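Residues per chain are reported as follows:
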Amino acid sequence: MRQVVASIEGEYKRCKALGEGAFNQLKGSELTQAAPGEGNSVTTLVWHISGNLASRFTDFLTQDGEKPWRDRESEFARRTVTREELVGKWEAGWQILSDALQRLNDEDLGRTVTIRGQPLTVCEALHRSLSHASYHVGQIVFLAKSIRGGRWEYLSIPPGQSREYNKDPAREKPPTSFTA
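Residues numbered from 1 in each chain as written. Predicted model: local features only at pLDDT ≥ 70, side-chain atom pairs only at ≥ 80, totals over all residues. Heavy atoms only, no water.

Draft legend 1. Main features of the overall build of the protein chain. Along the protein chain, the regular secondary structure elements total six helices and two strands. Overall, the protein chain shows an N-to-C arrangement of helices and strands of α-α-α-α-β-β-α-α. For the protein chain, whose C-alpha radius of gyration is 17 Å, the value lies close to the compact-globule estimate of 16 Å for 180 residues. Considering only C-alpha atoms, the protein chain reaches an extent of 45 × 45 × 25 Å along its principal axes. A sequence separation of at least 24 residues applies to 74% of the contacts in the protein chain between residues at least 6 apart. (Helix = DSSP H or I, 4+ residues; strand = E, 2+ residues; numbered from the N terminus. Rg over C-alpha atoms; globule rule 2.2 N^0.38 Å. Contact = heavy atoms within 4.5 Å.)

See below:
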């Protein structure tokens, strides 16, 4: 049975779609624009999310989630990339996650995995990772909205449209796949 795993998977898909909805509204140069106060750019956040997902979910059940090949510090380096490179990096991390989730069922949730040598149940590791991804996707959305200003296209319920939304709340369903 995959009821709980499927629910977690759905939330990851929703998170991914929000990130894409945000960075797809930006022009090339805006993707590398840093947040105020030496904050991260969308590109930096994409590199970090992808690096984290790749490290955590490569050989998820059998190896420590912090891989020796991951260079976390480099994920935060300022870089200029094309949109295609950004999307490729983004998709790579999410694909590794998707592949790992497809192999899980609810019976696996009580198994133990390790992250940085610390034991966690699979359920704890998934919730921790989902929270981490959501936190950084929220930063992407906030930054993209700040950059777009009045040109921002809302990814959820626009101000003043709650009643209209409540007429069809089923559209809140997560995407059916991890592919954009």
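Draft legend 2. Summary view of helix α1 (residues 3-23). Here α1 is 21 residues long and its end C-alpha atoms lie 31 Å apart, about the 30 Å a rise of 1.5 Å per residue gives. Tucked into the core, α1 has its buried residues touching α2 (42-57), α4 (83-102) and α5 (122-148). (Expected span 1.5 Å × (residues − 1).)

Draft legend 3. View of the packing of α1 against α4. Running from N to C, α1 and α4 point in directions that differ by 175°, and their axes come no closer than 11 Å. Classified by the interaxial angle, the pair formed by α1 and α4 is roughly antiparallel. Residue-level inspection shows Val 5, Glu 9, Tyr 12, Cys 15, Lys 16, Gly 19, Glu 20 and Phe 23 of α1 in contact with α4, the latter providing Arg 83, Leu 86, Val 87, Trp 90, Glu 91, Trp 94, Leu 97, Leu 101 and Gln 102. (Axes fitted to C-alpha atoms, helices over the stretch in contact; angles between N-to-C directions. Parallel < 35°, antiparallel > 145°, perpendicular 65-115°, else oblique.)

Draft legend 4. A look at α2. Its 16 residues give α2 an end-to-end C-alpha distance of 22 Å, which sits within 8% of 22 Å, the value for a rise of 1.5 Å per residue. In terms of residue burial, α2 counts as a mostly covered element, since 16 of its 16 residues are buried. Following α2 by one or two positions, Asp 59 adopts a phi angle in the positive range, close to 50°. (Buried < 20%, exposed > 50% of the residue type's maximum accessible area, 1.4 Å probe, protein only.)

Draft legend 5. Looking closely at the nonpolar core. By size, the foremost hydrophobic cluster in this structure holds 41 residues, and its most contacted members are Tyr 12, Phe 60, Trp 94 and Leu 126. Top contributing element to this core by residue count: α5, with 10 residues. Discounting residues that sit within four places of it in the chain, Phe 60 has contacts with Ala 100, Leu 104, Val 113, Val 122, Ala 125 and Leu 126. (Core = buried A, V, L, I, M, F, W, Y, C linked by side-chain atoms within 4.5 Å.)

Draft legend 6. Inspection of the side chain of Arg 56 at higher detail. With respect to the helices, strands and loops of the structure, Arg 56 is situated in helix α2. Since its relative accessible area comes to 8%, Arg 56 is described here as buried. Side chain to side chain, Arg 56 and Glu 66 meet in a polar contact 2.6 Å long. (Polar contact = N/O pair within 3.5 Å; in protein donor to acceptor, adjacent residues only side chain to side chain.)

Honestly, it's all geometry; don't read function into it.
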